[in-house]
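Coordinates in review
Listed here are the chains, written in short residue letters.
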Amino acid sequence: EVLLMMAMEEKTKRFRTHVVKEIYETEKDYTKKIRFFTHILEKARQKAMQDAAAKVESSFTDEKIKTLFCNIEEITAMHEDLMEVLDKTCATSLSYETPIAGCYLVIREKLGAYKMYGENNEQSQKVLYEFEEQQSVKAFFVAALLLGGHGDEDLSSYVFKPIQRICKYPLLFRELLKYTPQGHPDHENTKQALAMMREHCSVINEAKRRVEKLERIADLQNTIEGWEGSNVVDTCNELVREGILVKISAGNSQERMFYLFDNLLVYCKKSLINKSLSFRGRIPVENLDFESIEDGTSDFHTNGITVTNSWKVHNIAKNKWFVLYAKTAEDKQQWMEALRKLKEKRKRLAAGIANDTHIVVMEKGRKMHDKLLVSKELLRDHKVMLRTYTLSFTGEELVQWLVANKEVADKDEAIIFGQALVESGVIHHVQDKHQFKIGDLVYRFRFDDRTFRAKCETADLVSRGLMLYVRLHGQFNSLIRHEQNKCNISARKLLDWLMEEKDIERREEGVQLGQDLFATNVIRHVSDAQDFKDGKINYRFTADDGHDGSDKKTLALTRPEFSRFQLLVSFTFSIPYSQGGYGIELAGFDPIKIKSVNSEAQLLGAATGQIIVAINRRYLMDSHLAEAQFLIDAQLKAKAPVHITVLKNNSLYVTLTPTETGMGFQLRGSAPVVVSEVDKDSITAEASIIPGCCILKVDNEDVVHSTHEQVVASIKTCLAESKQKHGVSKVLLKVGFGRLEQFTAYHYDSTDEIPIEVFEWTLESPYTFLVPALLMKLYKEEAQQLHTDIQKAKVKDPKFNEYLSELKTLVSNYKRTHSQLQVISRYPSYKPYGTTYSIAVDQCPTNLHTIMLTVASPRPVHAHASEKAGEESEEASSTSNLMSTLKDHTNYYTTTMTIPSKESPATLPNQKVPIPAEQISAFQEAQDRRKMVAEVEKMMNGLNKQLEVINRLHGQLQGSHPEPVDDSHLAVQLRMSMLSTFAELSFSFGTSAELSSFNGHKPLLENIDDLTPNASPLNSPMLPRRSRFYTAVNTRPMIKLAADELVKKITAYHQLLGDKQLKKILEGADTLAPRPHAEVITDLKHTLNEMMYEVQQDMECKLLTDTVKKHLDMVELHHQELLLCLKISVCLCDDLEVLQIMDKLFSHTLTAITSAFANHLQAAIHRTLNPWAEYKSNEEGSELWLQLIVNRGLLVYLECTMMTEAAAGEMVSLGDMEAVLSQIKTIVLHVSETDTDAELPVVSLSGNRAGVHVTFSIPTFLHKQLPEAVFSSEGITVRPVLFNTSLFESENKLELETKLNTQAFTILQDYYRSMRSFLLGKSKHTEHNDSGVLAIAQINRPLNAIDNLVRQLNVAIQNPSRPGVGQLAIASELAMRLGALRLNVCNSGCYRSQLSCSLSQAMTLTRCHGLPPRLLRTAVNTIRKDGSMVYVAKKNNVDVLNSSPKPPTRLYQLPSDMYSI
């Protein structure tokens, strides 16, 4: 017994000594950390003072700095005093006798500082969140941490460190009291210290919750016998998951109890007798890797046991594997999901910090290099090993320069910064043998010896390599050999092929390219034995690894894979802004749910319990409540609507019981019947039924194809039968939801080891039925006007009268079609494939969908962030647990649909009949005549509007103010003319940059504040401008200018009347027109001459208005005669049968273009559109795209993938597409503002067949985010291009395919030349502060990449000797780099469109977002097999895939198991 007591006393002494040491060492480290935090505070104050002195607008305000750092100085001073006491107490030794607890009682009165800090925690987190969104502020803190020697940490960890420390004290003193017996002199002090710390933690909400968590973890550890290693609470903050799993290792199968903490995995043996736990092992999460095992696997890892629901765990530190398996598949999924999230959290934090540091060091190094080049300091010649290095410096010289120029605070910071420059690739040792050292070692900037390689340069190499891969694999007879199921190609053959394809001029150039591709991991030697060399040495593309029968060693190289982790169906609704909020309350975490809704939000689609997928298309499935609330608050602050995406089932069963007021909904339509209205607070609204839902079943009886009367009768019958049987009236309904979205999420690790999240949305277009309805209305009005005008001529020709009768019938058809299509609620909300449609619905495109690919950089998780909390109150009460920073989201769009055709796409190929060539020719002739009609009308409208301008100006001069009219386009044109003509006039037109960039005009006055806003026509409320227009007081010069403009318009009309084409068009109409066209033109010319003479004589503007009006009435009379002649000529060559066919084709294409442009415009507004993501930021990319379409027009790239020439029906459809191209060129797009809450712009149509004008109205609050030139009255022209390739080999190239591709290439090349001149023209006016290499890269690198694609596409089209489909990928990437709208069409709108779209998506991820080249094929197959587009194929209920032959090229094949759809 004595020995036992002695042993226990020895154990107590040993353990207490350990706890004393831990308290002292952690206190010392903590004091050092917060002292550094205080140092950052001082630097922030200095920065704020510098910004204030320089009058620079800065986020470093005293208020925000005080909020962020709070009373950290007070806390630091307190702990420095405490350390002095501790140092004195522990000066001799840290032992069992050390009275360490008493030292903490000294600061009893000062611990109240933590209460203030804790109460401010939420506000400080919000300021930190705001700072991290601003790159300049973020860069300041990253630099401060880096130079302080803490570059591997982020600021948030320091902000939360005081809270972490105050939470740790109760655990430390509880452990100390456990090993401090009552007879110990420090026993009473320890009890008091423990009580004191618990008391202070209890008044800090965040600390109280964390202490409770940590105590639970500590209690759990105490139940485990034989514990080894440090305490769990030293590194972990919460228990994520626990459970019993079977562990297989070293030939044994054992049941173990596993505990997964946020930083540690622990497993124990559980006794069957007393249920006690015995420690068996621990693995830090950072040293843990895992991999799923397929069910039924039996190998050496599983010890020959056939396992299910299992996965492998790898202890990286010990390089040992073991297998775990769970009881159920759900349990396995939950364990693996928890492990995945923990691994990603750590990787995000490390990658985010490393990326931020790299960016800051690169920028600081670049500026330092520019400064040295200008000042000519430091950089000089140095000789090393008999070689002279120009523009070089020693480590000692750099350190001295940094300190002398106050780039850093002291010598230590200089050394740290020098090493950071080396690691970031800014400087290097001249012989690349050393890291940065202070001394005589010589270094150079990589900018100067041209060894610097920016990320975009590497991306160019990867892009070029992958395009080689696609071209080689796209050949029907590929040069890549398939030996032993491996895809290899010799270096010699590859270089020969590159020379033949004109990719290189010399073999040396090809060898260099091969070495670069080898270095970027695009290709590798078949056995990884040597670098790239010319000869009969075999190499392979890394993208083929794992996809051609590679061995297990090669398969191991493909981890981590591009993988899918969610496939969901969602629904998006918009809630308008109101002062009281949006009427919804959110709660929870992972997932976030709607806690409550008001009646207004309920009618829009919100319901209690719905899981939030995204807000404003920001993915939130694994995010914190604070992030969702931040997005909502941002919309509320902007007084803008919020767009919420929630999980939604395709259909829903509901039981409705009528109330005194009825059922609460209204039905309309037939086959199917759709809910058109829902009453507020009704039982229907509470059941989540919203307008647009379809009644699928009534009491389990299918009513999809029933009429309105039949459905209503069925509901009434069910109510009556229920009343009779159960005494209560109720009905069971199955309702289907429209406008659903298919959504898939992927993730992968980029080449920079940054976790990337990819979100793929398949969206049903809201314009599928709307645009055709508007177009039919437009055509109805045009045809009706034509019919009315022709009737006035009283032509007696029988054939002509027969035409008028057919035209009247056509007007009726248009009217009926418009009436049927304008129904707001329709189900399904898209037109499926393989269904027989009505004539009205036949005008709508089939299978129209938008594929939106959103790429998000990782959200850096703060070091203090906790994972899923167990209690909702914890998450709702504080935002400090997790503040996920929103990073740039980049959106890419592809629109897919069934190829427009005059017959149904489901028609068998041999049943389709092409439109005769002579009919197409006649249609084109009629279109030319319609364009002439439109041109003549435009001339007359210009004269009328100019007269209105003069009239209003004259009224202002006389002191009267006539009512404003819609003369916006004329007023803007007048205003711009004034800007370049009159120095005494000045107007506000956005910013100076916009003037220079879009219009080429410079503001005449730098300050317009001195000008007075007047009630001039330029201030008209009808003008689509956000700026106020200013005029000088004198209006007379404006009238003179308006008169000059009128003379120009008269002259233009006069010239048009002398046009030879006009006379040729009118020749055939003389026999039917009331007067010969020659007499009409002569009289019209004469009247115009007289009017112009009078205007020129009255330049004093005294009688100008009356003079013009007198002559204009006579011009109008002759003008109407001319129009009648022209309209008769249109009727003479018009074929109404062909016209209706072309209307249908044009309606399909116009709807697709409208949908595509609406999505692109919306993304550009929100700065998420970026076709040039590898070169430019999202902000720059979006602005450049807007400038490009305004100045050079909108490129529309239609990509068609055919089967083979044997499919005659597809050839007919392709011919139909060619015929409609000329009509697409007549489309003009406009942008305006309106009061709307819609997620996408509101669309309206105007014009006629000669030119359809599509107006996209965006919300007023977004109006200011677009440059003024986008709202130009001239609009945005459309430049269509049709590119087609057969996916199947044929002996002879299709003549039509070659013709179309040649035409497409010409248009693409012309557009690129126009784009290039625009970009180079802009660059001449741009000031570059970069060094020479960076400046050249910024301007030329994107253009050089496009040059290569243009050359490759030209060679592919001109060289039919190597048939294949590689040119399809070239053309697609070229169109993307040109900023085109991409429309993929095929016979069904899903399968072959999916093939092309998925390959393009994977190429984009590799080129722009760091997808490792070896994962290209993995990404393609994953998207094709598991992507959201698969749902489009499934919901169409048509098996077109099995009837199609399998393409010979693997790049355009669906995965083998997809052929069973």
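Residues numbered from 1 in each chain as written. Predicted model: local features only at pLDDT ≥ 70, side-chain atom pairs only at ≥ 80, totals over all residues. Heavy atoms only, no water.

**So, the overall build of the protein chain**
Put simply, the rule is: Numbering of helices and strands runs from the N terminus; a helix is a DSSP stretch of H or I covering at least four residues, while a strand is a stretch of E covering at least two. Throughout, a contact is declared for two residues whenever any of their heavy atoms are within 4.5 Å. Computed with a 1.4 Å probe, the accessible areas rest on the Shrake-Rupley method; for each residue, only the protein chains presented here act as cover.
Looking only at helices and strands, the protein chain has 41 helices and 38 strands in total. When contacts within the protein chain are restricted to residue pairs at least 6 apart in sequence, those whose partners lie at least 24 apart make up 72%. Taken as a whole, the protein chain presents about 62700 Å² of accessible surface, with 50% of it coming from carbon and sulfur.

**Examining a negative patch on the surface**
We apply this condition: Note on patches: the residues involved have over 30% relative accessible area and no salt bridge, like charges join within 9 Å, and the nonpolar side chains Val, Leu, Ile, Met, Phe, Trp and Tyr join within 5 Å. The term salt bridge refers to a pairing of a side-chain nitrogen on Lys or Arg with a carboxyl oxygen on Asp or Glu at a separation within 4 Å. By the counting rule applied here, Lys and Arg register as positive and Asp and Glu as negative, while His and the ends of each chain are not counted. To locate a charge, the coordinates of NZ of Lys, CZ of Arg, CG of Asp or CD of Glu are taken.
On the surface, Asp699, Glu701, Asp702 and Glu721 cluster together to form a negatively charged patch. Among the secondary structure elements, Asp699 is positioned in the loop between strand 26 (694-698) and strand 27 (701-702).

**A word on the packing of aromatic side chains**
Threshold: Two aromatic rings, drawn from Phe, Tyr or Trp (for Trp, its six-membered ring), form a pair once their centres lie within 6.5 Å of each other, and the interplanar angle then sorts them: stacked below 30 degrees, edge-to-face above 60, tilted otherwise. Each residue's exposure class comes from its accessible area (1.4 Å probe, protein chains only) as a fraction of the maximum for that residue type: buried when under 20%, exposed when over 50%, partly exposed otherwise. The criterion is that NZ of a Lys, or CZ of an Arg, lies within 6 Å of the ring centre and within 35 degrees of the ring normal, and then a charge sits over that ring.
By the definition in use, this model includes 24 aromatic pairs. Relative to Phe445, the ring of Phe393 lies with its centre 5.5 Å away and its plane at 55°, an arrangement referred to as tilted. Residue Phe393 is found in strand 10 (residues 387-394), and its partner Phe445 is found in strand 12 (residues 442-445); the two are separated by 52 residues along the sequence. Given the relative accessible area of 0%, Phe393 is considered buried. Note on Phe445: relative accessible area 0%, which makes it buried. Here the aromatic rings of Tyr779 and Tyr814 are separated by 5.9 Å at their centres, their planes lie at 55°, and the arrangement is tilted. Placement of the pair is Tyr779 in helix 22 (residues 770-793) and Tyr814 in helix 23 (residues 798-821), with a sequence separation of 35 residues. When sorted by exposure, Tyr779 lands in the same class as Tyr814, which is buried. Taken together through their ring pairs, the aromatic side chains of Phe36, Phe37, Phe69 and Tyr158 make up a single cluster. Directly above the aromatic system of Trp761 lies the positively charged group of Arg617, at a separation of 4.8 Å from the ring centroid. Taking the ring centre of Phe571 as reference, the NZ or CZ of Lys648 above it sits at 5.4 Å.

**What to know about the environment of Asp410**
Short version of the rule: As used in this structure description, the phrase polar contact means that two N or O atoms lie within 3.5 Å; if the pair is within protein, one of them must be able to donate a hydrogen and the other to accept it, and residues adjacent in sequence are counted only when both atoms belong to side chains.
If you trace the backbone, Asp410 turns up in the loop between helix 12 (395-404) and helix 13 (411-423). Side-chain polar atoms of Asp410 contact the backbone nitrogen of Glu413, separated by 2.9 Å.

**Considering the environment of Lys13**
With respect to the helices and strands, the residue Lys13 is situated in helix 1 (residues 2-53). Exposure remark for Lys13: the relative accessible area of 36% places this residue in the partly exposed category. Sequence separation between Lys13 and Thr180 is 167 residues; the distance between their C-alpha atoms is 8.4 Å.

**Here's the deal with the pairing of strand 37 (residues 1276-1286)**
This is how it is decided: Pairing between two strands is assigned when DSSP locates at least 2 bridges connecting them.
Among the 11 residues that make up strand 37, nine are buried, leaving the element largely enclosed by the rest of the structure. Both strand 34 (residues 1228-1234) and strand 37 contribute to a ladder of two bridges, which runs antiparallel. By the bridge assignment for strand 37, Val1228 is matched with Thr1277.

**Notes on the sheet that holds strand 5 (residues 277-284)**
Spatial ordering of the open sheet is given by 1-5-4-3-2-8-7-6, a layout of eight strands whose pairing is mixed. With partners counted over all chains shown, the strands left at the sheet margins are strand 1 (224-225) and strand 6 (288-293), one partner each. Sheet topology places strand 4 (residues 264-270) next to strand 5; seven bridges connect them, and they run antiparallel. By the bridge assignment, Leu264 is partnered in strand 5 with Pro284.

**Overview of the packing of helix 8 (residues 155-178) against helix 10 (residues 205-222)**
Definition in use: To get an axis, a line is fitted to the C-alpha atoms, and for a helix only the part in contact is used. The angle between two axes follows their N-to-C directions and goes from 0 to 180 degrees. The cut-offs work like this: below 35 degrees is roughly parallel, past 145 is roughly antiparallel, 65 to 115 is roughly perpendicular, and the gaps in between are oblique. Helix crossings fall into two classes, left-handed where the near helix is turned counterclockwise from the far one by less than a right angle and right-handed where it is turned clockwise. Polar here means any residue outside two lists: the nonpolar Ala, Val, Leu, Ile, Met, Phe, Trp, Tyr, Cys and Pro, and the charged Asp, Glu, Lys and Arg; Gly therefore counts as polar.
At their nearest, the axes of helix 8 and helix 10 sit 9 Å apart, and the two run at 40° to each other. If you check the angle between helix 8 and helix 10, you find them oblique. With respect to the hand of their crossing, helix 8 and helix 10 are arranged in right-handed fashion. Of the residues in helix 10, those touching helix 8 at Phe160, Ile163, Gln164, Ile166, Cys167, Pro170, Leu171, Arg174 and Lys178 are Glu206, Ala207, Arg210, Val211, Leu214, Glu215, Ala218, Asp219 and Asn222. Class assignment for the residues of the contact of helix 8 with helix 10 results in 10 nonpolar, two polar and six charged.

**Details of unusual backbone geometry**
Despite not being glycine, Asn521 has its phi angle at roughly 65°, a positive value. Looking at the element boundaries, Asn521 is found in the loop between helix 16 (507-519) and strand 15 (523-525). One non-glycine residue, Arg739, lies in positive phi territory at about 55°. Mapped onto the secondary structure, Arg739 falls in the loop between strand 28 (731-736) and strand 29 (740-749).

**Let's talk about the pattern of salt bridges**
The tally for this structure, following the rule as stated, stands at 44 salt bridges. Here Glu1174 and Arg1407 are joined by a salt bridge, their closest N and O atoms 2.5 Å apart. Residue Glu1174 is found in the loop between helix 32 (1136-1165) and helix 33 (1178-1192), and its partner Arg1407 is found in helix 39 (residues 1391-1408); the two are separated by 233 residues along the sequence. When sorted by exposure, Glu1174 lands in the same class as Arg1407, which is buried. For Arg1313, the salt bridge identified is with Asp1310, shortest N-O distance 3.6 Å. One end of the pair, Arg1313, and the other, Asp1310, are both in helix 36 (residues 1295-1323), three residues apart, so they sit about a helical turn from each other. Here Asp1310 falls in the partly exposed class, since its relative accessible area comes to 34%.

**Focus on the side chain of His382**
Along the chain, His382 turns up in strand 9 (residues 380-384). Residue class for His382 comes out buried when judged on its relative accessible area of 10%. A distance of 2.9 Å separates a polar atom in the side chain of His382 from a polar atom in the side chain of Ser392.

**Quick look at a nonpolar patch on the surface**
On the surface, Val2, Leu3 and Met6 cluster together to form a nonpolar patch covering roughly 350 Å² of accessible area. With respect to the secondary-structure elements, Leu3 resides in helix 1.

**Comments concerning the confidence of the model for the protein chain**
So the rule is basically this: The pLDDT score gives, residue by residue, the confidence of the prediction method on a 0 to 100 scale.
Summarising the model, the protein chain shows a mean pLDDT of 80, and 85% of its residues fall at 70 or more. Between residues 859-886, whose pLDDT stays under 50, and residues either more than four places distant or in other chains, the model counts 99 contacts. Counted against residues more than four places away or in other chains, residues 960-1033, with its pLDDT under 50, gives 142 contacts.

**As for the pairing of strand 25 (residues 674-678)**
Along strand 25, four of the five residues are buried, which leaves the element largely enclosed by surrounding structure. Sheet topology places strand 24 (residues 665-668) next to strand 25; four bridges connect them, and they run antiparallel. Paired with Leu667 across the strands is Val675, a residue of strand 25. The turn joining strand 24 and strand 25, which pair antiparallel and follow one another in sequence, is formed by five residues; a positive phi near 85° is taken by Gly669.

**Quick word on the sheet that holds strand 11 (residues 427-429)**
Pairing in this open sheet of four strands is antiparallel, and the strands run 9-10-12-11 from one edge to the other. Each edge of the sheet is formed by a strand with only one pairing partner; in this case those strands are strand 9 and strand 11. For this sheet the average axis-to-axis angle between neighbouring strands, irrespective of direction, equals 60°. Across three bridges, the pairing between strand 11 and strand 12 is antiparallel. Paired with His429 across the bridge in strand 12 is Tyr443. Where helix 12 meets the sheet, it contacts strand 9, strand 10, strand 11 and strand 12, and its direction lies at approximately 30° from that of strand 10.

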